[in-house]
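# Summary of the model geometry
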Amino acid sequence: MTQNLSPARTPLLTPVLVAGCLIILVNFAIRASFGVFQIPIATEFNWPRAEFSLAIAIQNLAWGIGQPIFGAIAEKIGDRKAIIMGALIYALGLVASSFAVSPEAHQFWEIAVGFGIAGTGFGVILAVVGRASSDENRSMSLAIATAAGSAGQVFGAPLAEFLLGMMSWQNVFIVFAAAILAVLALLPLMKTDDMASKAELEDSLGQILVKALRDPSFSLIFLGFFSCGYQLAFITAHFPAFVTEMCGSIDPSGTLASLGVSTTSALGAISISLIGLANIGGTLFAGYLGKTYSKKYLLAIIYSLRTIVAAAFILTPITPTTVILFSITMGSLWLATVPLTSGLVAHIYGLRYMGTLYGIVFFSHQLGSFMGVWLGGRMYDAFGDYTFVWWIGVGVGAFSAIVHLPVKEVALKARTA
């Protein structure tokens, strides 16, 4: 076993952090673009909106199921092997989806895409980054890695929109498959020294799982992450179509023309990009605050602000201006929960099995994602708009703000000593 490094000597920017950021960036650039394909695919095959929505919902659910599985794989056979498996499955799902011509085929292959996202996404990468970081730098390192996902979101949807102007959506999927395979060149950098304590190393995975699952705080964190997934997945999957249809050809303020945007379809893609851009700053700021202030209270504040922003947006007439304002404000709160939630799990339950434990918590996030995407499609087909789904998002956001307050933000070993 490698010797523990002194936390004081561990720099913030390490090869592990840089490589992890690039992998997450590509991962999120691809997955954040799926909303852009909502209308082209439904139009080509004349499907109801719910069909492709269900495919994306299944993708999110598979991502959630795969997250603790890949976390355990990484902890048992190695982080890099888990990432290789994830990238191969991700590419397989994208290529197979490009040949799918029925809703059932799309929905089936999105299972592979979801598992691929899990193997190259937050659960595995954040665990590696967390173990490679000192106690002092961990919150900020997790925030930087999370912000890299936002950087991918900045150009993922516009890139998909640009590529769709040059080639079919099937070929765009194949280009994305090649991109996720390219990240495997970064794996030589993903090597960490073991930063887990001696006491953590003495616990088996089964022992720490039992302790965590018996801890009420773990259940509260699990429940609280549901709304994050619901809100983010619904917006990612449906907001481009929502913007296109709600704004239509009406642009009373001249906002689109002033931005050089000629269509509301382009505005939908740009809105996703703006969310990602604003989130870079918001996530880094959340990580910075997490070094000093209580993570559970910061999470309660973020969920409260999300609830207010979502309610204000749906109560205000929808125009290009309000779309842009919403994208920026919601974006600043978008993934700010991730470094705080993953950091809270690491702080309470230790680093050794952080990937698996955060993966279990993340499953709640993806249950929310499934509901947000699927319910969005079903409610749209039933009522012709997304209003009811928005208000559910407002309600679950308020619930998450409240449920974090009783969490005991103390290391489990200190509580049971």
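Residues numbered from 1 in each chain as written. Predicted model: local features only at pLDDT ≥ 70, side-chain atom pairs only at ≥ 80, totals over all residues. Heavy atoms only, no water.

## Describing the overall build of the chain
The secondary structure content of the chain amounts to 20 helices and zero strands. Taken across its 417 residues, the chain has 59% of its residues classed as buried. For the chain, restricting intrachain contacts to residue pairs at least 6 apart in sequence, the fraction spanning at least 24 positions comes to 86%. By element, 69% of the accessible surface of the chain is carried by carbon and sulfur atoms, the whole surface being about 15600 Å². (Helix = DSSP H or I, 4+ residues; strand = E, 2+ residues; numbered from the N terminus. Buried < 20%, exposed > 50% of the residue type's maximum accessible area, 1.4 Å probe, protein only. Contact = heavy atoms within 4.5 Å. Areas by Shrake-Rupley, 256 points an atom, 1.4 Å probe, with all protein chains shown as cover.)

## Notes on the confidence of the model for the chain
Predicted confidence across the chain gives a mean pLDDT of 84, with 89% of residues reaching 70 or more. Model confidence for the chain, summarised as mean pLDDT per element, is weakest for helix 13 (residues 255-258) at 49 and strongest for helix 8 (residues 169-182) at 95. When the criterion is pLDDT under 50, residues 1-8 qualifies, and its contacts beyond four places in sequence or with other chains add up to twelve contacts. Low pLDDT, under 50, characterises residues 259-263; the predicted model gives this stretch five contacts beyond four residues in sequence or across chains. (pLDDT = per-residue confidence, 0-100.)

## What about the pattern of salt bridges?
Under the definition given, this model contains one salt bridge. Arginine 131 is the partner of aspartate 79 in a salt bridge, and the nearest nitrogen-oxygen pair spans 2.7 Å. Within this pair, whereas aspartate 79 is found in helix 4 (residues 79-98), its partner arginine 131 is found in helix 6 (residues 122-132), the two being separated by 52 residues in sequence. Side by side, aspartate 79 and arginine 131 carry an identical accessibility label, which is buried. (Salt bridge = Lys/Arg side-chain N within 4 Å of Asp/Glu carboxyl O.)

## A word on unusual backbone geometry
Even without being glycine, asparagine 46 reaches a positive phi, approximately 60 degrees. Its location among the elements puts asparagine 46 in the loop between helix 2 (38-45) and helix 3 (49-77).

## A few points about the packing of aromatic side chains
Under the counting rule described, the total for this entry stands at 24 aromatic pairs. Residues phenylalanine 34 and phenylalanine 37 carry aromatic rings whose centres are separated by 6.4 Å and whose planes lie at 55 degrees to one another, so their mutual orientation is tilted. On the basis of relative accessible area, phenylalanine 34 is assigned to the buried category, the value being 3%. Over the aromatic face of phenylalanine 28 sits the side chain of arginine 31, whose NZ or CZ is 5.2 Å from the ring centroid. (Phe/Tyr/Trp six-rings, centres within 6.5 Å; stacked < 30°, edge-to-face > 60°. Lys NZ or Arg CZ within 6 Å of the ring centre and 35° of its normal.)

## A word on the environment of glycine 206
Mapped onto the secondary structure, glycine 206 falls in helix 10 (residues 205-214). Along the chain, glycine 206 and tyrosine 353 lie 147 residues apart, while their C-alpha atoms are 10.0 Å from each other.

## Notes on the packing of helix 1 (residues 15-31) against helix 8
Close contact between helix 1 and helix 8 brings their axes to 9 Å; oriented N to C, the two are set at 165 degrees. Here helix 1 lies roughly antiparallel to helix 8, going by the angle between them. The crossing of helix 1 and helix 8 is left-handed. Every residue of helix 8 that contacts helix 1 at Val26, Asn27 and Ile30 is listed here: Phe176, Ala179 and Ile180. Of the residues that constitute the contact of helix 1 with helix 8, the class distribution is five nonpolar, one polar and no charged. (Axes fitted to C-alpha atoms, helices over the stretch in contact; angles between N-to-C directions. Parallel < 35°, antiparallel > 145°, perpendicular 65-115°, else oblique. Left-handed = near helix turned anticlockwise from the far one by under 90°. Nonpolar A, V, L, I, M, F, W, Y, C, P; charged D, E, K, R; others polar.)

## Re the nonpolar core
Counting residues in each nonpolar core, the largest one holds 126 residues, and the members touching the most others are Phe37, Phe122, Met190, Ile235, Phe239 and Trp390. In contact with methionine 190, not counting residues within four places along its chain, are Val16, Ala19, Gly20, Ile23, Arg80, Ile83, Ile125 and Val128. (Core = buried A, V, L, I, M, F, W, Y, C linked by side-chain atoms within 4.5 Å.)

## What about the packing of helix 1 against helix 4?
Across the interface, helix 1 lies against helix 4 with an axial gap of 13 Å and an inter-helix angle of 20 degrees. Between helix 1 and helix 4, the angle falls in the class roughly parallel. In terms of crossing hand, the pair formed by helix 1 and helix 4 is left-handed. The segment helix 1 lies against helix 4, with Ile23, Asn27, Ile30 and Arg31 engaging Ile83, Tyr90 and Leu94. For the contact of helix 1 with helix 4, a count of residues per class yields five nonpolar, one polar and one charged.

## Focus on helix 17 (residues 337-349)
The end-to-end C-alpha distance of helix 17, which contains 13 residues, comes to 18 Å, matching closely the 18 Å that a straight helix rising 1.5 Å per residue would cover. Across the 13 residues that make up helix 17, a large majority, twelve, are buried. Glycine 350 sits one or two residues past helix 17 and shows a positive phi near 90 degrees. (Expected span 1.5 Å × (residues − 1).)

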